[in-house]
Amino acid sequence: MKELSVKVLGAGPSGCLLAIALANIHTKVYLFDILDIEKLLSRDRSYAITHSTRRLLEKLGIWSELKNKAIPFKELSVLDSVINKSIVLSTKDLDESNLKLNAVGWTIDHKILMEVLFDKVNKSNQINLQLNCTKIKDDIDYDYYFAADGISSKSRNKWGVGTYSYRYRQKCITFKALLRVDHSNRAYEIFRKEGPMAILPMGNDLYQVIISSPSSICENLITLPTSLFLDKVSTLLPSGIEIDSLYNNPEVFPLSLSVSKKLIVANKFLVGESAHSLHPVGGQGLNLSIRDINALTLLLNDRKNRNHLGLISKRSKSFFILNRYIDILSTSFLTHILIVIFSNSLTVSRFIRYLTFSLLRKAPYLRRLLLSLFTDGFSFLFARRLDS
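Residues numbered from 1 in each chain as written. Predicted model: local features only at pLDDT ≥ 70, side-chain atom pairs only at ≥ 80, totals over all residues. Heavy atoms only, no water.

Scanning the chain for helices and strands turns up 14 helices and 18 strands. Relative to a compact globule of 388 residues, whose C-alpha radius of gyration would be 21 Å, the chain shows 21 Å and is just as compact. In terms of overall dimensions, the chain has a C-alpha envelope of 60 × 45 × 40 Å along the principal axes. Taking all 388 residues of the chain together, 54% fall into the buried category. For the chain, contacts bridging at least 24 residues in sequence account for 76% of all contacts bridging at least 6. Accessible surface, the chain as shown: approximately 18,200 Å² in total, 53% of it carbon and sulfur. (Helix = DSSP H or I, 4+ residues; strand = E, 2+ residues; numbered from the N terminus. Rg over C-alpha atoms; globule rule 2.2 N^0.38 Å. Buried < 20%, exposed > 50% of the residue type's maximum accessible area, 1.4 Å probe, protein only. Contact = heavy atoms within 4.5 Å. Areas by Shrake-Rupley, 256 points an atom, 1.4 Å probe, with all protein chains shown as cover.)

Next up, the structure:
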């Protein structure tokens, strides 16, 4: 069976991981990006890594290096400031297959992640990396094309694929800060009537803070002098957390929910944020993208899915599409419903929230199920073999 030749557009985390994964199954990969290495490394953000992502990184031989640079957290504190209720999810609530890692999840800085990925890409004889490409000539007859060029994917638009989208009335402010925290190995998801806030440990008292609020509030907050900004943020923090100083300049981003109407067009695939974008609540964005890559790798690596030319059968494509849409739509719905229910102070919403916290406290099985959905995705329920 011949070696496949593929073109990957976009050399961010999803594009690099896809290239590495495909190279590992003896596929010739041509990886392109319009940005140079400096711009690709300079994005100032962090990622929450779940167990579904960790498993793929183990398969690719990357986790052994990343686990020493990623910051583990053993607890996830979920707080509701409107009804003044909270619950702590810990390693005890993990599925049995994840217990041995002794971590609910990990956080890692974008630059650290990308440096490891580019090192892996540059060492692979199967990957041809071309950056700073303003015009990409198709002088090779590729078997497959993969678009991993982000939310505003030019490839998706060029291929004529539309999206189902919803723009939230919220925006997101993200920054790193030095905090004094009672529990250093704990991440926080805080629900406020204005929108959720996440606090992720980055090591040595440094934390990534992500605040979602109505657009007008975010635009006003971002313009405040540093001292006033710190004063305002301090009023949003839960008991036991105090802010000392900013580590970098805050940035503001619009928030939207978007799902591509198609994942495959002939021999062209949409991957990662080119196929879906979510509200940052729950930190599912990169992890959902990683599950795309895992499913694609299994699809291309399974000879039963391919004909004598090595190309994927129509039936296998259909199964892939079904599997990914189950995961994408369920994860999208889960994050969206959290915003709908937990970003207000309505009486009906309060009742649902009281009931939710009460059930989670009394039922260990529900805590385990909830944590499994966020650490493994709906593949945990419907297609777990894809992540094993």
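After that view, the rundown keeps rolling.
On to the packing of aromatic side chains. The tally for this structure, following the rule as stated, stands at 9 aromatic pairs. Taken together, a centroid distance of 5.7 Å and an interplanar angle of 75 degrees make the contact between Tyr-144 and Phe-269 edge-to-face. One end of the pair, Tyr-144, is in strand E9 (residues 144–147); the other, Phe-269, is in strand E17 (residues 268–270), and 125 residues separate them in sequence. A relative accessible area of 2% means that Tyr-144 is categorised as buried. With a relative accessible area of 0%, Phe-269 lands in the buried category. We note Lys-7 situated over the ring of Phe-32; from NZ or CZ to the ring centre the distance is 5.4 Å. Note that Lys-261 overlies the ring of Tyr-164, its terminal NZ or CZ placed 5.1 Å from the centroid. (Phe/Tyr/Trp six-rings, centres within 6.5 Å; stacked < 30°, edge-to-face > 60°. Lys NZ or Arg CZ within 6 Å of the ring centre and 35° of its normal.)

On to the sheet that holds E17. In spatial order, the strands read E8-E2-E1-E9-E17-E16; together these 6 strands make up an open sheet with mixed pairing. The open sheet has two edge strands, strand E8 (127–130) and strand E16 (264–265), and neither has a second partner. Across 3 bridges, the pairing between E9 and E17 is parallel. Within E17, the position partnered with Ala-147 by the bridge is Leu-270. Strands strand E1 (5–9), strand E2 (28–32), E8 and E9 of the sheet are contacted by helix H1 (residues 13–23), whose axis makes an angle of about 170 degrees with E2. (Pairing = 2+ DSSP bridges. Axes fitted to C-alpha atoms, helices over the stretch in contact; angles between N-to-C directions.)

Moving on to unusual backbone geometry. Positive phi, normally seen in glycine, also occurs at Asp-205, with a value near 70 degrees. One non-glycine residue, Ala-266, lies in positive phi territory at about 55 degrees. With respect to the element layout, Ala-266 can be found in the loop between E16 and E17.

A separate point is the pattern of salt bridges. Applying the stated rule across the entire model yields 15 salt bridges. Measuring nitrogen to oxygen at the nearest pair gives 3.5 Å for the salt bridge that ties Arg-192 to Glu-194. Judged by relative accessible area, Glu-194 falls into the partly exposed class, the value being 27%. Among the ionic contacts, a cluster of salt bridges with common partners joins Arg-291, Asp-292, Arg-324 and Asp-327. (Salt bridge = Lys/Arg side-chain N within 4 Å of Asp/Glu carboxyl O.)

Further remarks concern the pairing of strand E13 (residues 206–214). With respect to burial, E13 is a largely interior element, 8 of its 9 residues being buried. Bridging between strand E10 (residues 163–181) and E13 involves 9 bridges; their strand directions are antiparallel. Its bridge partner being in E13, Cys-172 is matched across the sheet by Ser-212. In this structure, strand E12 (residues 197–203) lies alongside E13, joined through 6 bridges in antiparallel fashion. Across the sheet, Ala-198 pairs through a bridge with Ile-210, a residue of E13. Connecting E12 to the next strand, E13, in antiparallel fashion are 2 residues, including Asn-204 with a positive phi near 55 degrees.

Turning next to the packing of helix H3 (residues 51–59) against helix H10 (residues 285–301). Closest axis-to-axis distance for the H3/H10 pair is 9 Å, and the angle between their directions is 45 degrees. It follows from the interaxial angle that H3 and H10 lie oblique. Classified by chirality, the crossing of H10 by H3 is left-handed. Across from Ser-52, Thr-53, Leu-56 and Lys-59 in H3, the residues of H10 making contact are Asn-287, Ile-290, Arg-291, Ile-293 and Asn-294. Among the residues making up the contact of H3 with H10, the classes are represented as 3 nonpolar, 4 polar and 2 charged. (Parallel < 35°, antiparallel > 145°, perpendicular 65-115°, else oblique. Left-handed = near helix turned anticlockwise from the far one by under 90°. Nonpolar A, V, L, I, M, F, W, Y, C, P; charged D, E, K, R; others polar.)

Before going further, it helps to spend a moment on the side chain of Gln-170. Note that Gln-170 resides in strand E10. Within the structure, the side chain of Gln-170 is placed 3.4 Å from the backbone oxygen of Glu-194, a separation counted as a polar contact. Engagement of the side chain of Gln-170 in a polar contact is seen with the side chain of Ser-343, the distance being 3.4 Å. Non-local contacts of Gln-170, meaning those with residues more than four positions away in its chain, are made with Glu-194, Gly-195, Pro-196, Ser-212, Ser-213, Pro-214, Ser-215, Leu-255, His-279, Ile-339 and Ser-343. (Polar contact = N/O pair within 3.5 Å; in protein donor to acceptor, adjacent residues only side chain to side chain.)

Remember that the coordinates give geometry; whether it matters functionally is a separate question.
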